[in-house]
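Examination of the molecular architecture
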Amino acid sequence: MRFRHPLLSSLVVCLTLFVGQAQEYASRSERELFAAVNRERGAQGLPTLRWNSALADAARRHAQIMAAHQSISHQFPGEPSLPVRVSRAGASYMALAENVAEAPNPVEIHSLWMHSPGHRANILDRNMDSIGIAVIERNGEFYAVEDFSKAKITSAYLAP
């Protein structure tokens, strides 16, 4: 894509670098799950999800708590709810969903999600456009969280 306005070209380059760097910090397991989700969506003719660092931060904090408890849950006693966790991480959203799992490896985690109607529905939700993923390994088990959102569009994104 070619842009005629130099400022717009610079903005596109900066945004591309930022997205690339954000995914660079994701672990191998997180990148595997991200690719698997977008493969599933592509196979259904759905648009790919964008990586969202704020969602990934919220997911990471929750995955760490699950690993510490050696259990999975969408919310542990005393832990904030998903909307609060995501907002505190800096994400703006119109809709949210979350998948959590524990398994010996990321491939099995993705398989579990795809064979669960509710988790599969989150992955293939055509209204979602963003995702953040976290995977924490503890004692040979992987604790994974996928946080999905439909990004909130503010007036800054609207055309004049």
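Now for a quick tour of the structure. Just so you know, these numbers come straight off a predicted model, no measurement behind them. (Residues numbered from 1 in each chain as written. Predicted model: local features only at pLDDT ≥ 70, side-chain atom pairs only at ≥ 80, totals over all residues. Heavy atoms only, no water.)

1. Points about the packing of helix 3 (residues 53–69) against helix 4 (residues 82–89)
In the contact formed by helix 3 and helix 4, the axes pass within 8 Å of each other and the chain directions differ by 125 degrees. In terms of their interaxial angle, helix 3 and helix 4 are classed as oblique. Once helix 3 is placed against helix 4, the crossing between them reads as right-handed. On helix 4, the residues that touch A54, L55, D57, A58, R61 and H62 of helix 3 are R85, V86 and A89. Of the residues contributing to the contact of helix 3 with helix 4, the split by class is five nonpolar, one polar and three charged. (Axes fitted to C-alpha atoms, helices over the stretch in contact; angles between N-to-C directions. Helix = DSSP H or I, 4+ residues; strand = E, 2+ residues; numbered from the N terminus. Parallel < 35°, antiparallel > 145°, perpendicular 65-115°, else oblique. Left-handed = near helix turned anticlockwise from the far one by under 90°. Contact = heavy atoms within 4.5 Å. Nonpolar A, V, L, I, M, F, W, Y, C, P; charged D, E, K, R; others polar.)

2. Let's talk about the pattern of salt bridges
It is possible for side chains of opposite charge to pair when their charged atoms get near one another. Counted under the stated rule, the structure contains five salt bridges. Between R28 and E32 there is a salt bridge, with its nearest N and O atoms 3.3 Å apart. Remark: E32 and R28 occur in helix 2 (residues 28–43); sequence separation between them is four residues, near one turn of the helix. Residue class for R28 comes out exposed when judged on its relative accessible area of 63%. When its relative accessible area of 29% is taken as the criterion, E32 is described as partly exposed. (Salt bridge = Lys/Arg side-chain N within 4 Å of Asp/Glu carboxyl O. Buried < 20%, exposed > 50% of the residue type's maximum accessible area, 1.4 Å probe, protein only.)

3. Remarks on the side chain of E98
Its place among the elements puts E98 in strand 2 (residues 93–103). Of the polar contacts made by the side chain of E98, one reaches the side chain of H74; its length is 2.9 Å. Within the structure, E98 has its side chain in polar contact with the side chain of R85 (distance 2.8 Å). Setting aside its immediate chain neighbours within four residues, E98 contacts H62, H74, L82, R85, N122, V145, E146, D147 and F148. (Polar contact = N/O pair within 3.5 Å; in protein donor to acceptor, adjacent residues only side chain to side chain.)

4. Comments concerning unusual backbone geometry
Residue Q70 is not a glycine yet carries a positive backbone phi of 50 degrees. One non-glycine residue, N139, lies in the positive phi region at around 50 degrees. By the secondary structure assignment, N139 is in the loop between strand 3 (130–138) and strand 4 (141–151). Under the relative-accessibility criterion, N139 is labelled exposed at 65%.

5. Comments concerning the sheet that holds strand 3
Strand order across the open sheet formed by four strands is 1-3-4-2, with mixed pairing between neighbours. On the outer flanks of this sheet lie strand 1 (50–51) and strand 2, each paired with one strand and no other. Strand direction decides the pairing type here: strand 1 and strand 3, joined by two bridges, are parallel. Across the sheet, the residue bridging to R50 is S130, located in strand 3. Strands in contact with helix 2 are strand 1, strand 3 and strand 4; relative to strand 3, the strand with the most contacts, it is inclined by about 140 degrees. Here helix 4 sits on the sheet and contacts strand 2 and strand 4; the angle it forms with strand 2, its principal contact strand, is near 105 degrees. (Pairing = 2+ DSSP bridges.)

Take it as geometry only, folks, not as evidence of what the structure does.
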